[in-house]
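Examination of the molecular architecture
So the chains spell out like this:
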Amino acid sequence: EILAAIAEIDKKKKKEFMQTFTQINDNFSRIFAKLALKGTAELELESEDNPFEEGAGIDIKIKLGKGKYLNTRSLSGGEKALTALAFIFAIQKCKPTPFYILDEIDAALDKVNSKIIADMLKEFSKNAQFVIITHNDTTIKAADQVYGCSMVDGESKIMALELPKQ
């Protein structure tokens, strides 16, 4: 009876995992297509038959333009940042948390991609709060509130600025 109960739990666990994985993969593909205007991406299980097998994981398959699928190690810093953000947003769409802290997510991005990320953050901030540490003026301009730290007479001063809605 114990073995039958374990088998039933494993069956339910795999079913739930596969449903969640499929939902996150669909979200990831859609979001990546919005971020990387000429690209597609998908998640792929290394072991679909037994996703809980030791050492089994998830591969990210990325295709930029009309080229072949790439390994994430062969992407530029900006492309890696967009891929990571697409994955975070895909999970957030599936199982949101109320609060995110993101540090220098736009450091490797150009102005166009920074604007795309800023717009997406605006969209996702309807359902969650985002604290972003950045020096990127495009991201700062898109924020609702900005906090900064500056040295005045050898002392650190915290400044706050509420930006008008755009």
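That block above? That's the structure.
Here the structure is a predicted model, which means the values were calculated and not measured.

By convention here, two paired aromatic rings are described through the distance between centres and the angle between planes. Counted by the stated rule, this structure contains 7 aromatic pairs. For the ring pair Phe89 and Phe130, a centre distance of 6.4 Å and an interplane angle of 70° mean the geometry is edge-to-face. Of this pair, Phe89 sits in helix α2 (residues 77–94) while Phe130 sits in strand β5 (residues 129–133); the two residues are 41 residues apart in sequence, bridging distant segments of the chain. Phe130 shares its class with Phe89; the two are buried. With centroids separated by 4.9 Å and ring planes inclined at 10°, the aromatic side chains of Tyr100 and Phe130 adopt a geometry described as stacked. Highlighted residues: Tyr100 in strand β4 (residues 99–103) and Phe130 in strand β5, separated in sequence by 30 residues. The same class applies to Tyr100 as to Phe130, namely buried. Directly above the ring of Tyr69 sits Lys61, whose terminal nitrogen or CZ lies 4.6 Å from the centroid.

Together, Phe99, Ile101, Val131 and Ile133 give the surface a local cluster of nonpolar side chains, amounting to about 350 Å² of exposed area. Every element with two or more residues in the nonpolar patch is listed here: β4 and β5. For Ile101, the position within the fold is in strand β4.

The subject of this paragraph is the nonpolar core. Counting 30 residues, the largest nonpolar core has Ile31, Leu35, Phe89, Ile117, Leu121 and Phe130 as its most contacted members. Looking at this core, the elements with two or more residues in it are α1 (2–35), β1 (39–45), α2, β4 and α3 (111–124). No other element matches the 7 residues that α1 contributes to this core. Ignoring sequence-local partners within four residues, the contact set of Ile117 consists of Leu35, Leu82, Leu85, Ile105 and Leu109.

Definitions and cut-offs
Residues numbered from 1 in each chain as written. Predicted model: local features only at pLDDT ≥ 70, side-chain atom pairs only at ≥ 80, totals over all residues. Heavy atoms only, no water. Phe/Tyr/Trp six-rings, centres within 6.5 Å; stacked < 30°, edge-to-face > 60°. Helix = DSSP H or I, 4+ residues; strand = E, 2+ residues; numbered from the N terminus. Buried < 20%, exposed > 50% of the residue type's maximum accessible area, 1.4 Å probe, protein only. Lys NZ or Arg CZ within 6 Å of the ring centre and 35° of its normal. Patch = residues over 30% accessible without salt bridge, like charges linked within 9 Å, V, L, I, M, F, W, Y side chains within 5 Å. Areas by Shrake-Rupley, 256 points an atom, 1.4 Å probe, with all protein chains shown as cover. Salt bridge = Lys/Arg side-chain N within 4 Å of Asp/Glu carboxyl O. Core = buried A, V, L, I, M, F, W, Y, C linked by side-chain atoms within 4.5 Å. Contact = heavy atoms within 4.5 Å.

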